[in-house]
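# A structural walkthrough
Below, each chain spelled out in residue letters.
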Amino acid sequence: MKKHEELIKKLKYHRKNFWESSTKKEQRVAFKFADKYKEFLDQCKTVRETTDFIEKELEERDFSNIEKTKKSKRVFKIGRGKNIAFAVIGKKPMSEGVNIIAAHIDAPRVDLKQLPLFEDNETKMGLMRTHYYGGIKKYQWMSTPLAIHGVFVKESGEIINVSIGEDDKDPIFIMPDLLPHLAKNEQYAHKIGDAIKASQMKVIFNTIPFLDKDEKVKEAVKLNALIMLNEKFGIVEEDFLRAELELVPAGKARDAGIDKSMIAAYGQDDRICAYTGMQALLDCDLPETTAIVYLVDKEEVGSEGNTGANSNFLIDFIGDLLKFNKEHYNSFSLRKTLINSQMLSADVAAAINPNYPNVHEKTNAVHFGFGVGLIKYTGSRGKSSANDANAEFVAKMTNIFNEDKVNWQMGTLGKVDEGGGGTIAKFLAETGAEVVDCGPGLLGMHSLYELCSKADLYSTYRAYKAFFVKG
Ligand code: MN
Ligand code: MN
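Residues numbered from 1 in each chain as written. Chains lettered and ligands numbered in written order. Predicted model: local features only at pLDDT ≥ 70, side-chain atom pairs only at ≥ 80, totals over all residues. Heavy atoms only, no water.

The manganese ion (ligand 1) binds to the protein through H104 (NE2), D269 (OD), D347 (OD) and D347 (OD); the donor distances cover 2.1 to 2.5 Å. Taken in sequence order, the residues that donate to the manganese ion (ligand 1) follow the motif H-x164-D-x77-D. Separating the manganese ion (ligand 1) from the manganese ion (ligand 2) is a gap of 3.4 Å, which D269 spans by donating to each of them. Placement of the pair is H104 in strand β4 (residues 99-104) and D269 in helix α7 (residues 268-282), with a sequence separation of 165 residues. For the pair H104 and D269, one class covers both residues: buried. (Donors = N, O, S within 2.8 Å, 3.2 Å for Na, K, Ca; no water. Helix = DSSP H or I, 4+ residues; strand = E, 2+ residues; numbered from the N terminus. Buried < 20%, exposed > 50% of the residue type's maximum accessible area, 1.4 Å probe, protein only.)

The next point concerns the coordination of the manganese ion (ligand 2). All of the protein donors around the manganese ion (ligand 2) are D269 (OD), E300 (OE), E300 (OE) and H446 (NE2); their distances to the metal are 2.1 to 2.7 Å. Within one chain, the residues serving as donors to the manganese ion (ligand 2) are arranged as D-x30-E-x145-H.

With that settled, consider the nonpolar core. Core analysis: the largest hydrophobic core is formed by 61 residues, its most contacted members being Y37, I54, F86, L295, F401 and F468. The leading source of residues in this core is helix α12 (residues 454-470), at nine residues. Excluding anything up to four places from it in sequence, F401 contacts L374, V406, W408, C438 and A463. By size, the runner-up hydrophobic cluster in this structure holds 34 residues, among which are M142, L245, V248 and Y266. (Core = buried A, V, L, I, M, F, W, Y, C linked by side-chain atoms within 4.5 Å. Contact = heavy atoms within 4.5 Å.)

As for its position among the elements, S453 is in strand β22 (residues 450-453). Judged by relative accessible area, S453 falls into the buried class, the value being 2%. In this structure S453 touches W19, S261, M262, F368 and G369, once residues within four positions along its chain are discounted.

Let us look at the sheet that holds strand β1 (residues 64-65). Across the sheet, which stays open at both edges, the nine strands sit in the order β1-β2-β3-β13-β4-β14-β20-β16-β18 with mixed pairing between neighbours. Sheet topology places β1 and β18 (408-410) at the edges, where each strand pairs with a single neighbour. Strand contacts of α7: β2 (74-79), β3 (83-88), β4, β13 (291-296) and β20 (434-439), with the helix running at about 150 degrees to β4, the strand carrying the most contacts. Together, β4, β13, β14 (342-345), β16 (372-375) and β20 form the strand contacts of α12, whose direction differs from that of β4 by roughly 150 degrees. (Pairing = 2+ DSSP bridges. Axes fitted to C-alpha atoms, helices over the stretch in contact; angles between N-to-C directions.)

Let us now look at the packing of aromatic side chains. In this description, a pair of aromatic rings is defined by centroid distance and the angle of the planes. Summed over all chains, the structure comprises 18 aromatic pairs. Geometrically, the ring pair formed by F40 and Y275 is tilted, given 4.9 Å between the ring centres and 40 degrees between the ring planes. One end of the pair, F40, is in helix α3 (residues 24-43); the other, Y275, is in helix α7, with 235 residues separating them in the sequence. The exposure class of Y275 is buried, given its relative accessible area of 3%. Ring pairs connect the aromatic residues F18, W19, F31, F33, Y37, F40, F53, Y275, Y458 and Y461, which therefore count as one cluster. Positioned over the ring face of Y133 is R109, at 3.7 Å from the centre of the ring. When the ring centre of Y377 is taken as reference, the NZ or CZ atom of K383 above it lies at 3.8 Å. (Phe/Tyr/Trp six-rings, centres within 6.5 Å; stacked < 30°, edge-to-face > 60°. Lys NZ or Arg CZ within 6 Å of the ring centre and 35° of its normal.)

In terms of burial, β2 is largely enclosed, as five of its six residues are buried. The pairing of β1 with β2 spans two bridges and is classified as parallel. Within β2, the residue paired with N65 across the bridge is F76. Two elements, β2 and β3, share six bridges in a ladder whose sense is antiparallel. Within β3, the residue paired with R74 across the bridge is V88. What sits between the antiparallel neighbours β2 and β3 is a turn of three residues, in which R80 has the positive phi angle 55 degrees.

By the bridge criterion, eight bridges tie strand β5 (residues 109-120) to strand β6 (residues 125-133) in an arrangement that is antiparallel. By the bridge assignment for β6, D120 is matched with M125. Following β5, the chain reverses through four residues before pairing antiparallel with β6; K124 in that reversal takes a positive phi of roughly 55 degrees. The sheet contact formed by β5 and strand β10 (residues 243-249) spans two bridges and is antiparallel. Pairing of V110 across the sheet is with L247, part of β10.

Laid out in structure tokens, this is it:
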């Protein structure tokens, strides 16, 4: 090796591409891991479905509901069917601190309004009015196959699960876009963000009217829709007022690229972190430090509500754990536990998009296929609203990742002043614990088909597991 080559090797930083630095065997494991992940995505299109899926998975792996068990090292707690925390109790007392991976399981979507169904007089169509949830680009949702997922809750409290559009035999639903021939004034004259109005995002529900041989029926198409809904779900129109129904992209997660190195699917922000966090914990036998995964709702709308990261759910769960584990429990020991704890705010990052390279500052951006991203800070306009992780904690995490030969890289969200955004890190940090953002980069985040790299998916799992085992 020449002198300058030696110096370069010794002094310069290089992030490592997973496909270059891993063995064929590791790559096979990464591909296998991705297959299971796709099945998870197919069954988890909503917050409730994700919570239910994880509850079943946990029960199969010997976890018990903390409210229903007396003795177990593996427990979970569910909040309102929409958030879930689960733990493997470690050897050390919890008051010395716990290790937490926190991710969100909500994703941008288009909800049905509370009284959605109406008949358009002119066109004689049954339509549903909608209200979008989270940061969507409205045009992406037009003229694309959508499925309806959600629940009706009857006055009796009975829950009726709805999923139409995922089975090949199911119908799908469309919010029809405008043809380009007539889009000159309505769409092209506007900026892209204003070209489609929320009120134009109506979904066509049905078109066949209810026919009465003898008499003309008023709003016969809407009536026919209600008849079909009554036959299928036993509901009446008033039940919509007690429902949570969501339009999401219909169809399954798919491999992407000729080499199948990527996955295209809806909702990977942030179910990719929920899944990898869950797998990391399931594969933890008996850690030194208590390991917790916390999955929350409402991140995409500001983490509010009693199922969002801004709620007390996590603190209550840790309190429950202290009591359950027969450790001294009062507000002092709870505070001590939180302050001594370490958290990964597990959320996705923006990988460099080759179609839009100018929004990234490439040296400090997450590169697709180069492993899990550590994001020291997020925020916008001069790091506003950011949890800026402490260098000491970043050093600890990178040391653990390097020890376990995890492909990792440091990243930021885009160029300075290009835009910005946040994660739940700042809410987690209010507990006093050490917190850093850590997750894989996606391409086309918040689009209907977000892309992840199987390399980053697998590296994220390995990073989370290393954190639980060695953190
Ligand atoms: Mn996210
Ligand atoms: Mn998001």
